[in-house]
Every structure is written in C-alpha cells, then in structure tokens.
Amino acid sequence: MSAKNRTAKGVVGGLLGFIGMSAVAGVLVTAAVTPALALSGMAATNTINVFENLPDYLAIDQLSQKSNIYATQSDGTPVLLASFYDQNRVEVGWDGISQFVKDAAVAGEDPRFYEHGGVDLQGTIKGAVQTVASGNTRGGSSITQQYVKNVLVQKCEVMNDLKKQKTCYEAATETSPDRKLKEMRFAIGVEKKYSKDDILRQYLNITGFGGTVYGIEAAANYYYSTTAAALTLPQAASLVAIVNNPYKFQLDRPESEANGAANGYAANKERRDYILGEMLKYKKITQEEHDAAIATPIEPVIQEPSTGCQTAGANAYFCDYVTKILQNDPVFGADEDTRLTNFKRGGYDVYTTLDLDLQNAAVATMNENVPKVADGWPMGSVISSVQVGTGRVLAMTQNKDYSQDQATLDSGANFSAINYNTDINYGGSSGFQPGSTYKVFTLAEWLKEGHSLNERVDSRRKANWGTFQDSCDGPQTYPGWNPKNDSNESGANYSALESTINSINTGFIGMAKKLDLCGIRKTAESFGVHRADGDPLQQGASSVLGTNEIAPLTMAVAFAGIANNGNTCSAIAIDKIVGPDGTEQPVPKSACKQSVDPAAAAGMVYAMKRVLTQGSATQSYGATSPRVPMIGKTGTTDGNVDTWMSGASTKVATVAGVVSLRGDGSAGTNQRNYRFDSGSAATARHRMWPDVMSVANAKYGGDDFTEASTNVIRGTQVPVPDLRGKSMAEAQSAVESAGFVFADGGATDSEMPAGTVANTDPAAGSSTGKGSTITVYSSNGSMVLLPNVVGQDENAAKTALNGFAVEKRDQAVTDPAQNGKVIASEPAAGTAAKPGSTVTLVVGKLGGGG
C-alpha cells in the first residue's frame, strides 16, 4: 500500500506502532547492555522485571506426542496395533537429530541464534521498520521467540473448553506489538534459564511441519520414511523449509500446482535452496555439499502414520476395548475427556495382554466358520478368551470389520463400530442372553447351600410352578410360565448332575424352587456377572435359564473363576504403560475374590467336565486337540436365536457364540434352520471353540482340577422307602420322615387299589441324596395282575383271561405232556395289564409250530 493511499487512522496506527516498537527496541537495548541490571531486578521499569517471572508452562518439558498400543509376541517382541495423537510427534534428544537439521534451522531461521540473548536486535528493528512501512507487524522472530510462540499455542491446544481454547489461541497468535513484546520478554527469560542447545532441540521437537505432523522426528518419519538422525542434507533443508510456512511448503500434496510432484515441489525447493545458500554463507557446509544438495531433486517418501484402532486390522475390537479402558478408568484421570486427552497427547506406550497366538487362532476360525453378513439375518459372532487366575484378556474378535467412520458404516453390514464382546460402556453393546451357560450360577448356589450333585428335584414340566422364594423381593409366582426342555426330556426327577450334563431346563427350575432367587443372583454377581447395559441383574425364575443380557467377556471371566477353584479375577487388558521418559505408569489391576468356596467350585467342575465328555458339549470336546482337563457348558436361547459354547482349562477360559443382532426389535433367526458354508449356524460355536482351546492347550497346558468330595457329589445317601399300596398321606409322611421332599406325581395306571401308591421315582429300594425330591404316583386302579395260566389247556386259559383280547401262537414241543398246553404267556403272569389289552398264549404242539 502506498503512503498516499493510507488513511488517517492507518497513519496514526503506524505512528503508534512505531512508538511501540521503538519502546520495545529500547527495552531490548537496555536488557542487552545492562544485563546485570536486568538480572538484579533493579530496573526502573516493570518490563525488565517481567523477565524474572517466567511462567512454568514455558519450561522445556514434555510435549504433546503420540501414544501407541502394542501386543506382544511369544518371543517378547512388541507388535504395534495402533497409534493415537492430536499431534503426530515423537520427541527426540539432541543426539537423535541430524547436525544438518540443526545447522539448517539456525542458518535459515536465526543466523545469530548463538550470539543474541533471546531476541535478535537487528532482526527485530528491521521488523519494526517494516511494520511502520506496511501497517502490519512483520517477522524478525528469533528461534527462541518462535519456541515461545509454539509453547503458548500448545498451551491453548491442550484446553478441552473450545471457547477458552479459541480465546487463548487468538491471544497467542494475534498480530500486535503487545503480543510481540510479551513474546520477547518470555524469550529473554527462557534464554536465562536454558542452554542454547536445549532451546534449539525443543524448538525442533515442538514446531509444526504441516497438518498434524509436529517435531522433526515425526516429520522425518512421515515425509521421508526415515529418522531425524538419518536425514541427509537436502532432506534436512527441505524439512526446515516447511517450518517457514507449513501449508505452502509441506510435501504431501503431490497434486498441488504450486508445490507438487509435477514441478518438483517448486515452492519447497525454492525455500530449501535458500536455506542451503545460508548454510554455505555461514560456513555450515562446503561448496561441494551445497552444489550436490541443490542438484538433488525433492522426492518425498510419504509414510502414513498409524492412527486409531482401524489400523489394527483383525485386532481392532480389542484395541477399541483398550482405548475404552483408558477413557473410563479413574487411574488415568478425573473424567473421560481428561483421560482420553492425556492418552492422545502423553506419548505413552501401552503394552496389552493380547496373546497373538490365541488371537490369530480366534480370527482364523471366525473367518473360516462365520460370514460377516448373512442373508436375511442380522447376525454377529464373538470369541473372547481370558487367562485363568489373572483376568488377562488373551483374545477378542468378532465377525465384523471395525470402523468408526459413519460413511464406512453405512456402506455395508460387514462394518460395525460396536464391540459385541464387551459392556455398553466399553464398546457400545447391550449384551446378549447367555442361555443355559448361565445355569452354572444356579449350580453354584445349589452347592453353596449344601445340596449334592446327586440330589433330585421335581423336574416335571408344568404350567404352575408354585411359589419361588426371593429374600430380596418376597415370594414370587409366575402363573402360566411353562418352559420346555430343548430336547423334550420328560423325566420327573432329574438330579442336579443330570440337569447340568444335559442342560435340562425343568431340572434347573426345580433346583431354583429349593433355593433363593435373590441368592442365585448374588452368587452370579460374586463371579463378576453383571448386565452389559449397566442395569441390575434380573432375578426372576426365568433368569435361571439365562435371560439377562450379558457381555461374552463377562461370561469368560466367570468361567475362568470356576476353573480357578472359585476365585474370580476381573478382566484386565493392559500389562504396563511406559511414559515418554521411560518410567512405568500405574495401570488398572485385576481384582480377585473368592466367589464360592473351593469345595463348591470342585462340585461345579465335576459336573461341567461331564458336559464335555458325555453331555451337550461332546462335539467341542471331540474336536479339541491336545486335550487337557477342561470344563464346559452350552447355551441356546429361546427359538435357537443365540448359541454359545463356554468352557475353560485351568489356564484359559473361552466363550464362543453366534448371536442375532436384534437392535431392530426382530425376533431373530432359528439357527438350526440356517446354514453357513462351514455347516449349521447352530454348531458353529462347536467348530470355533475347539480351534481356540487347542492352541491354548498346546501353549499353556492344563492341570488337573481339584477333585470334588463324595459329600458334594453324593451327599448323604438314603434308601427310598417302599410305599406301594399306602395312602398318599401315609406316603408323604414316610417320604418326609426319611429326609426327602414329597411331590405328588398324580394318578397313573396301576393294579394297586385306586388312590393308593402305585410307584415312586426314584424307585423303592434305590438310594439317593438326602433332600432329593421323591415323586409319588397314585394308582387309578385301571390295571390287574395277569393270572398264571401255564400248564392249562387253551380253553381253560382263555376262560381265566376273560376280559382280555387273547391271541394264540403255537410252538413246537417234543414232550407229549406239553401238547395243547400253555407253555408261556406274553405279558408274563404277574404283570399288571389293562383289561381289554392283548395277551398272547404260547401253546405247545407236537411235531411243528404255527
């Protein structure tokens, strides 16, 4: 702008600016020529005194830099899962920076850096003159001043309040003499406290190199795929060139017309070559080095930094779980925003519990057995593994591709931002019904209360189960509730062991009838079980069959507790965190507690081992190799919409499942009617669980479980009394006197007098656990005992069997005395039979048969 075109206001502003900048220069001259005065605090103005009051945040301290999450291979080698940052920065020491970089920065930005006291008088006065001439504040900032400005900007960027952040940033970057004066004051203070090398090192670590790239190490990594220490002369000069105007000179926009690949990054090259000339001028390089560097084309080798869990590939959901721990655990800060900010800016290395051998096995079997998308069925699948005794999460995967980008999520059902393995606060999932795998907590309460595995209960299917005890909410009834058994088992008196092995619903409901529903809930909670949505566990009778929505990881933790002699250890995913200074930081610890006493746990193990060897999980057991002692439990929800296989050795617990994603309120799909390429959807769990546990067994081995005591298995054995022919009242008295529970099984066909006892289950004379339920059936008097007609002739036998449909069958005999005589009857004599039923007479015949 020419002088004649400037307004009166502009002229006045320029005059004031000149006066202000003159005052600044005067202060600087005073500080320069009378350092003793400035240092002693005896100056006549507050301007000099301010140099003594350097704010703490200007200290050469830790900068915002990226944090990393690692898994560890079996040989101890860390494997990067993902990095996180607000600013992609890796702070390095003095020896980690090429001398070419240091010389380029000084020559190009502040040639008198090692001579002035923080402010270059010559550069500043030149800037003041340009300010008066143009009406705008111009450059002249020393490296120390630039460092101060960067620190002030960094101070703003760590603010979580956006309004305060904006105000702070405007104050730190405004173009005004006041801001310049403050910057110079701080620069002089910094120079009084730190060495030149320290200031230059921190300047190179803090300064921006375009976009989210900060610091010379990250710049070297990003633009040239090398380190700050290994930068060549032309590379160093081209990176330092960026500092002058990052947007104009950055090297990651090859399509740029002004500074792109087509013109050899002309804008950057011009600035680079200027810096090379300054380096030659100040004798930092030789003429030969200068000429070779000038002739070197600019050829960036961009290396995109890992950022966010999407870069963790198949391990992304575990990575996401780790970030949620960092965000949710109070160990890392006072609130969620602070915790996540601390992580993204703190330069931490987070070493996780993920076992890549198990994880790779889980990912491989998931990909082999379950598709990412199923036609007509919103479907998911999960695998979680936990180390027994430590709570360390060893594997976590699901049948989806991870993304947090909405456009990506909208592009296909194979993408999901939700981690199905975890609670809502740790991945967004509200959990899934675990079905019959939840029955183990009723089994635990059963054994805690002194019942034995062989004790029997009333297991008949019925629409009126009567009253259930609930010490928390009072007695409960559920009219019309009539659950069936998965395989239509119809036994009247299953033992707790039989009910566990074959996962019999009515058996467990019968067990719950003898227990406290609130007690069952509390026992489940003692194993760390909780609803994934954060609500309290439901404790109605149906919850016994697994109707609470629970995270698969929670169930894996619980099964690990069962395998650990009833001692449950909460899940942890972080082994250690190392700060940027190399010191270990506090991490969340696993909390272990005794959920049930070891004797009860041994009883649970006794039953759950047999689920694998002779019950509902034999398919998983048969496909596992090598085998070690293991426990297991299957689960299937109503309509077969969710299927589970959960189990453990003494070393590793694993949960595998296929679930219906019913967020849309749909009823789900019957998995027994749906096939994947690998086989039935309902049995995919039995193909995946063995694959993971086979690797776990081979790597970790497995010990024998603690043996259950005879008392836990059998209890006190009492013979069932013979009640046949007694009245039902007499039978009830006898049953209860023997220490059993009486159950009226209703009327049945019998030859006994109507209304008297026909038979019992268990049968008279057998022994069963004290406290078992004895079902007593009354006779309806509809049967009679068949008479003995052997030896009679055919007509006499028919007369004796009057009222029955008699049929004849000849049988060859050699004894003439048997000819024409009955030699047998079917049914045999003494058998109870209904009048009108068929009785076959076997009649002897000499010389042949009929």
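Because the structure is predicted, anything quoted here is derived from the model rather than measured.

Judged by pairing direction, the sheet is antiparallel, and its five strands sit side by side in the order 5-4-16-15-14 without closing on themselves. One side of each edge strand has no neighbouring strand; the edge strands of this open sheet are strand 5 (393–398) and strand 14 (631–636). Averaged over all adjacent pairs, the angle separating strand axes in this sheet is 5°, with direction ignored. Bridge analysis of strand 4 (residues 379–387) against strand 16 (residues 652–660) gives nine bridges, and the strand direction is antiparallel. Considered in strand 16, the bridge of serine 381 is made with valine 658.

Right, let's get into helix 24 (residues 598–614). Note: α-helices contain 3.6 residues per turn, so residues at a spacing of three or four share the same orientation. Between the first and last C-alpha of helix 24 there are 24 Å, a value that for 17 residues agrees with the 24 Å anticipated at 1.5 Å per step. The complete set of buried residues in helix 24 reads Ala600, Ala601, Ala602, Gly603, Met604, Val605, Tyr606, Ala607, Met608, Val611 and Leu612. If you check the start of helix 24, you find a side-chain oxygen 2.9 Å away from the backbone N of alanine 599, and it comes from aspartate 597.

This paragraph deals with the packing of aromatic side chains. With the rule as written, the count across this model stands at 15 aromatic pairs. Between tyrosine 222 and tyrosine 223 the ring centres are 4.8 Å apart and the planes differ by 65°, which places this aromatic pair in the edge-to-face class. Side by side, tyrosine 222 and tyrosine 223 carry an identical accessibility label, which is buried. Plain terms: the ring middles of phenylalanine 441 and phenylalanine 527 are 5.7 Å apart, the flat faces sit at 45° to each other, and that makes the pair tilted. Highlighted residues: phenylalanine 441 in helix 19 (residues 439–448) and phenylalanine 527 in the loop between helix 22 (517–526) and helix 23 (552–563), separated in sequence by 86 residues. The burial state of phenylalanine 441 is the same as that of phenylalanine 527; both residues are buried. Here a set of aromatic residues connected by ring pairs shows up, and it is made of Trp377, Tyr674 and Phe676. The side chain of lysine 102 reaches across the aromatic face of tryptophan 94, ending 3.7 Å from its centre. Its end group placed over the ring of tyrosine 247, arginine 253 keeps NZ or CZ at 4.3 Å from the ring centre.

Turning our eyes to something else, we now look at the pairing of strand 5. In terms of burial, strand 5 is largely enclosed, as six of its six residues are buried. Where strand 4 lies against strand 5, five bridges are found, and the strand directions are antiparallel. Pairing of isoleucine 383 across the sheet is with threonine 397, part of strand 5. The hairpin turn running from strand 4 into strand 5, its antiparallel successor, is five residues long, and glycine 389 in that turn takes a positive phi close to 90°.

This next bit is on helix 28 (residues 728–737). Those residues of helix 28 that fall on the buried side of the exposure criterion are Met728, Ala731 and Val735. Within helix 28, the buried residues cover an arc of 55° as seen down the axis, which keeps them to one side. Turned more than 90 degrees away from the buried face of helix 28 sit Ala729 and Ser737, all of them exposed. Tucked inside the fold, the buried residues of helix 28 contact strand 20 (741–748), strand 21 (757–761) and strand 23 (773–779). Looking one or two places after helix 28, you find glycine 739, whose phi comes out positive at around 90°.

Running from N to C, helix 6 (residues 143–157) and helix 9 (residues 196–206) point in directions that differ by 45°, and their axes come no closer than 9 Å. Judged by the inter-axis angle, helix 6 sits oblique to helix 9. Taken as a pair, helix 6 and helix 9 cross one another with a handedness that is left-handed. Residues Ile143, Thr144, Gln146, Tyr147, Asn150, Val151 and Gln154 of helix 6 pack against Ile199, Leu200, Gln202, Tyr203 and Ile206 of helix 9. Of the residues contributing to the contact of helix 6 with helix 9, the split by class is seven nonpolar, five polar and no charged.

Here we have five strands laid out as an open sheet, ordered 2-1-3-11-12, and mixed in their pairing. The sheet is open, and its two edges are formed by strand 2 (78–84) and strand 12 (584–585), each paired on a single side. Looking at chain direction, strand 1 (residues 67–72) and strand 2 are connected through six bridges and run antiparallel. Considered in strand 2, the bridge of asparagine 68 is made with serine 83. Contacting strand 1, strand 2 and strand 3 (349–355), helix 17 (residues 356–369) runs over the sheet at an angle of about 60° to strand 3.

Take the pattern of salt bridges next. Note that side chains of opposite charge can pair when their charged atoms are close. Evaluation of the coordinates by the stated rule reveals 30 salt bridges. Put simply, aspartate 273 and lysine 269 hold a salt bridge, and the shortest N to O gap is 2.7 Å. You can see aspartate 273 and its partner lysine 269 sitting in helix 13 (residues 266–281), four residues apart, about one turn around the helix. Classification of aspartate 273 by relative accessible area gives buried; the value is 19%. Here lysine 269 falls in the partly exposed class, since its relative accessible area comes to 26%. Here glutamate 445 ties to lysine 448 by a salt bridge, and the two come within 3.6 Å at their closest N and O atoms.

Let's shift gears to the nonpolar core. Core analysis: the biggest nonpolar cluster contains 90 residues, and Phe441, Phe527, Val529, Ile574 and Met604 have the highest contact counts within it. For this core, the leading source of residues is helix 23, giving nine residues. The residues touching isoleucine 574, leaving out its near neighbours within four places in the chain, are Val322, Ile325, Leu326, Phe332, Val350, Tyr351, Thr352, Thr353 and Val587. In this structure, Tyr147, Cys156, Phe209 and Tyr222 belong to the second largest nonpolar core, which totals 58 residues.

With that settled, the discussion passes to the confidence of the model for the protein chain. Per-residue confidence for the protein chain gives a mean pLDDT of 89; residues scoring 70 or more make up 89%. In the predicted structure, residues 1–21 sits below a pLDDT of 50 and forms 11 contacts with residues beyond four places in sequence or in another chain. Across residues 134–138, where pLDDT falls below 50, the model places 12 contacts with residues more than four positions away in sequence or in other chains.

What counts, and where the lines are drawn
Residues numbered from 1 in each chain as written. Predicted model: local features only at pLDDT ≥ 70, side-chain atom pairs only at ≥ 80, totals over all residues. Heavy atoms only, no water. Pairing = 2+ DSSP bridges. Helix = DSSP H or I, 4+ residues; strand = E, 2+ residues; numbered from the N terminus. Axes fitted to C-alpha atoms, helices over the stretch in contact; angles between N-to-C directions. Expected span 1.5 Å × (residues − 1). Buried < 20%, exposed > 50% of the residue type's maximum accessible area, 1.4 Å probe, protein only. Polar contact = N/O pair within 3.5 Å; in protein donor to acceptor, adjacent residues only side chain to side chain. Phe/Tyr/Trp six-rings, centres within 6.5 Å; stacked < 30°, edge-to-face > 60°. Lys NZ or Arg CZ within 6 Å of the ring centre and 35° of its normal. Arc of directions from axis to C-beta. Contact = heavy atoms within 4.5 Å. Parallel < 35°, antiparallel > 145°, perpendicular 65-115°, else oblique. Left-handed = near helix turned anticlockwise from the far one by under 90°. Nonpolar A, V, L, I, M, F, W, Y, C, P; charged D, E, K, R; others polar. Salt bridge = Lys/Arg side-chain N within 4 Å of Asp/Glu carboxyl O. Core = buried A, V, L, I, M, F, W, Y, C linked by side-chain atoms within 4.5 Å. pLDDT = per-residue confidence, 0-100.

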